[in-house]
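# Notes for the structure review
Each chain is listed here by its residues.
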Amino acid sequence: MSSNPQNVQLARYYTSTLKRMAKNCVLRLDPNVKRSMCKRCHSLLIPGVTATVRIRTKREKHVVVTCLECRMVSRYLARKDYQLWTELPTSLLSYRQPGTDTGKNNGPVTATGTNDSASASSTVGGNADQQKQSCNV
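Residues numbered from 1 in each chain as written. Predicted model: local features only at pLDDT ≥ 70, side-chain atom pairs only at ≥ 80, totals over all residues. Heavy atoms only, no water.

## Points about the overall build of the protein chain
For the protein chain, the count of helices and strands is four helices and three strands. Seen in sequence order, the protein chain has helices and strands lined up from the N terminus as α-α-β-β-β-α-α. Classification of the 137 residues of the protein chain by burial places 20% in the buried group. Long-range pairs, those at least 24 residues apart, make up 30% of the contacts in the protein chain with a sequence separation of at least 6. About 10,900 Å² of surface is accessible on the protein chain, with carbon and sulfur atoms providing 52% of the total. (Helix = DSSP H or I, 4+ residues; strand = E, 2+ residues; numbered from the N terminus. Buried < 20%, exposed > 50% of the residue type's maximum accessible area, 1.4 Å probe, protein only. Contact = heavy atoms within 4.5 Å. Areas by Shrake-Rupley, 256 points an atom, 1.4 Å probe, with all protein chains shown as cover.)

Below is the structure:
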């Protein structure tokens, strides 16, 4: 990466494309993938090449990742008992029951006070089937 700057530009292009596609298709990226990209300049964070990684214990033990391109600093807690949302057993699809309410609203609340998902798809971006097809790129 450091020997050929064209590779850095190509990596930035691919990471920005990945973020844009995930946003358009309303997908959650894995936290490990998100932590390997710079939020400001979209460069790929490789320890020792495009990023410095330090462990600090000032208040609480945390990892400090500094992008060498734009000097963006990211801090991540390093607790023993901490689990990412992808590591929790409730995040797997096999544990979820179909038809159960997750506590989140499925659409905006209309003037009558109910969730109207049909009006939500027509007001936000058109037909929901067309939106799903646009994400199958």
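More follows now that the structure is in view.
## Some remarks on the sheet that holds strand 1 (residues 51-56)
Strands sit in the order 1-2-3 across an open sheet of three strands; the sheet is antiparallel. The strands lining the two open edges of the sheet, one partner per strand, are strand 1 and strand 3 (73-77). Across this sheet, the average inter-strand angle for adjacent strands is 20 degrees, counted without regard to direction. Both strand 1 and strand 2 (residues 62-67) contribute to a ladder of six bridges, which runs antiparallel. Each residue of the ladder has a partner; that of Arg54, found in strand 2, is Val64. (Pairing = 2+ DSSP bridges. Axes fitted to C-alpha atoms, helices over the stretch in contact; angles between N-to-C directions.)

## Some points on a nonpolar patch on the surface
Residues Leu10, Tyr13 and Tyr14 make up a contiguous nonpolar surface patch of about 350 Å² in total accessible area. Checked against the element boundaries, Tyr13 lands in helix 1 (residues 5-24). (Patch = residues over 30% accessible without salt bridge, like charges linked within 9 Å, V, L, I, M, F, W, Y side chains within 5 Å. Salt bridge = Lys/Arg side-chain N within 4 Å of Asp/Glu carboxyl O.)

## Observations regarding the nonpolar core
Cys38, Cys41, Leu45, Ala51, Val65, Cys67, Cys70 and Tyr76 together form the largest nonpolar core, which totals eight residues. Not counting chain neighbours up to four residues away, the residues in contact with Cys41 comprise Arg12, Cys67, Glu69 and Cys70. (Core = buried A, V, L, I, M, F, W, Y, C linked by side-chain atoms within 4.5 Å.)

## Quick notes on unusual backbone geometry
The backbone phi angle of Val26 is positive, close to 55 degrees, even though this residue is not glycine. Locating Val26 in the fold gives a position in the loop between helix 1 and helix 2 (31-35).

## Let's talk about the packing of aromatic side chains
In total, this model carries one aromatic pair according to the counting rule given. Their ring planes at 55 degrees and their centres at 5.7 Å tell us that Tyr13 and Tyr14 sit as a pair that is tilted. The exposure class of Tyr14 is exposed, given its relative accessible area of 52%. (Phe/Tyr/Trp six-rings, centres within 6.5 Å; stacked < 30°, edge-to-face > 60°.)

## Digging into the confidence of the model for the protein chain
Predicted confidence across the protein chain gives a mean pLDDT of 76, with 64% of residues reaching 70 or more. When mean pLDDT is compared element by element in the protein chain, strand 2 scores highest at 96, while helix 3 (residues 117-124) scores lowest at 43. In this model residues 105-128 is a low-confidence stretch, pLDDT under 50, and it forms 17 contacts with partners more than four residues away in sequence or in other chains. (pLDDT = per-residue confidence, 0-100.)

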